[in-house]
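A look at the structure
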Amino acid sequence: MPESEPPTSAPASHRRKRSLSRRGALGAGVAVAGAAVLTPAVFAATESDPGSAANSGSGSGSASGGDAATTPERFPATRSAAATGAGTATTSFAASYVGVRWSGDPGGAGIRFPGDTGFRSLTGGCASVDGGGTALVAAGNAKTYEVRAEDGTTDVRSLAIDTARGPDRTFQVPSQPTRVRGVRYLSRPAWGADESKRYKDGQVNSPEKYYALQSITVHHTDTPNGDPDPAATVRAIYEYHAVTLDWGDIGYHFLIDEAGDIYEGRYSGDDGIPAFDTHGDLVTAFHTAGYNSGNLGIALLGTLTDQGPTDAARASLTRLIKVIARFKGLDPQARITYTNPVNGVTKNVTTVGGHRDWLQTDCPGRTMYDLLTEVRADASR
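This is a predicted model, so every value here is computed, not measured. (Residues numbered from 1 in each chain as written. Predicted model: local features only at pLDDT ≥ 70, side-chain atom pairs only at ≥ 80, totals over all residues. Heavy atoms only, no water.)

**Some thoughts on the sheet that holds strand 4 (residues 109–112)**
As a reminder, the rule being used: One bridge is not enough; two strands pair if DSSP finds at least two bridges between them. Per the convention used, a helix needs a DSSP run of H or I reaching at least four residues, while a strand needs a run of E reaching at least two, with both numbered from the N terminus. Should any heavy atoms of two residues lie within 4.5 Å, those residues are considered in contact. Working convention: axes come from line fits to C-alpha atoms, limited for helices to the stretch in contact. Angles between N-to-C directions cover 0 to 180 degrees.
Strand order in this open sheet of six strands is 2-7-3-6-4-5, and the pairing throughout is antiparallel. Every other strand in the sheet has two partners, leaving strand 2 (79–84) and strand 5 (120–121) as the edge strands with one partner each. Relative to strand 6 (residues 132–149), strand 4 runs antiparallel, the two being bridged by four bridges. Looking across to strand 6, one finds that Ala109 is bridged to Ala149. Strands strand 2, strand 3 (87–103), strand 6 and strand 7 (154–162) of the sheet are contacted by helix 3 (residues 230–244), whose axis makes an angle of about 50° with strand 3.

**Some points on the sheet that holds strand 15 (residues 254–256)**
Pairing is mixed in the open sheet, where five strands are placed in the order 16-15-18-14-21. Where the open sheet ends on each side, the last strands, each with one partner, are strand 16 (262–264) and strand 21 (352–354). When the angles between neighbouring strand axes are averaged without regard to direction, this sheet yields 25°. Relative to strand 16, strand 15 runs antiparallel, the two sharing three bridges. Residue pairing across strands places Ile256 opposite Ile262, the latter belonging to strand 16. Strand contacts of helix 4 (residues 311–328): strand 14 (215–220), strand 15, strand 16, strand 18 (295–300) and strand 21, with the helix running at about 170° to strand 18, the strand carrying the most contacts.

**Some words on the nonpolar core**
Stated precisely, the cut-off is as follows: Working definition of a nonpolar core: buried Ala, Val, Leu, Ile, Met, Phe, Trp, Tyr and Cys residues. They are joined through side-chain atoms within 4.5 Å. We call a residue buried when its accessible area falls under 20% of the maximum for its residue type, exposed when it is over 50%, and partly exposed in between, using a 1.4 Å probe and counting protein chains only.
Counting 30 residues, the largest nonpolar core has Phe276, Leu296, Ile298, Leu317, Ile321 and Met368 as its most contacted members. Within the residue set of this core, elements represented by two or more residues are strand 10 (183–185), strand 14, strand 15, strand 18, helix 4 and helix 5 (366–380). Ignoring sequence-local partners within four residues, the contact set of Leu296 consists of Leu213, Ser215, Ile216, Thr217, His253, Phe254, Ala275, Phe276, Leu282, His287 and Ile324. Core analysis: the second largest hydrophobic core is formed by 26 residues, Ala193, Ala231, Tyr240 and Ala299 among them.

**A short note on the pairing of strand 19 (residues 335–339)**
Consecutive side chains along a regular strand alternate between the two faces of the sheet. The pairing of strand 19 with strand 20 (residues 346–350) spans five bridges and is classified as antiparallel. Looking at strand 20, one finds that Ile336 is bridged to Val349. Hairpin connection of strand 19 to strand 20: six residues between the antiparallel strands, including Gly344 at a positive phi of 80°.

**Topic: the packing of aromatic side chains**
The description of two aromatic rings rests on the distance between their centres and on the angle between their planes. Under the convention used in this document: Planes of paired rings set the category: under 30 degrees apart is stacked, over 60 is edge-to-face and the rest tilted, where pairs are Phe, Tyr or Trp rings (Trp by its six-membered ring) whose centres lie within 6.5 Å.
Under the defined criterion, the tally for this structure stands at eight aromatic pairs. Judged by centre distance (5.5 Å) and plane angle (80°), the ring pair of Phe75 and Phe171 falls under edge-to-face. Of this pair, Phe75 sits in strand 1 (residues 70–76) while Phe171 sits in strand 8 (residues 168–174); the two residues are 96 residues apart in sequence, bridging distant segments of the chain. Accessibility assignment for this pair places Phe75 and Phe171 in one class, buried.

**Remarks on the pairing of strand 7**
Summarising the sheet, strand 2 and strand 7 pair through six bridges and their orientation is antiparallel. Of the residues in strand 7, the one forming a bridge with Ala83 is Ser158.

Function cannot be inferred from these measures alone, as they are strictly geometric.
Here is the structure:
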């Protein structure tokens, strides 16, 4: 969630970002030996996989000024229906997920769908809100659901979300694969991010702010495993974070599905560098309440409590951490004192840690958390 900032004469959110096309990044790309710190241009440089002739791609924003070409692709538009208060809600469409938030006890609400024998507890998820609770729940294509509020629970709001069957809308997707130092990722257009979700009342809801990278935090999304349409789930998380929780964007910098595909998360500008600006600073996202600034969040799709990530997902996580750590000269295994650049709050953590290292939460799931020692070691090699 967002963090409060002291007033300044020139807010960081109004700073115009220097444009750096991915072709410009390629032109600046040079061989980097050993563990030397990478410049932002080299970090963003596109590299081809072995045997591939493609070695250029577009960034997260609109192509302009001779950037790499884009290709129109169609994704289902997200449909949503909001409801307030406890009780039964009905939608005109089959819902993929329902996002719920409330004020009061973090465990003070439940939900049930047709066929459920009782209410499901709305606890254990990744996201958190001040003074209450929240959850994103798979709805199984239900058109009706019921929310229960315990005594003392108030301001209940829910949002039914369909990201799989809405009318198609066209996105301009980079024609060539996008990569960060050989690690391929799907840019925001490539998973169907509707950029209008970042706006509220005609203004950017959460203007971008940038701070030096200090730490990397691993999450799980607490969504179903064996996901048949992970891009649709990413769009649902985006809707939930941006609209239900009013964060104005998806809360993570990157997401990784079970096939090992990496998705660009939080919008960081149109310069073709995911998560960072051209000065090498990290855009603030919304994944670890109170400790977001300078803290990069990577979420693995699924629930990793009783099972670990797939081999492909773990390999992508390790490679991504390794590239980012090398970019900023960080040691994934080091113990550090994180200092929030906004309010000065400090926290002793490992450079690469889990959500539960920062807050009282099950995230990233017990099994994934137990694997982080190995992930850190692998990313340090």
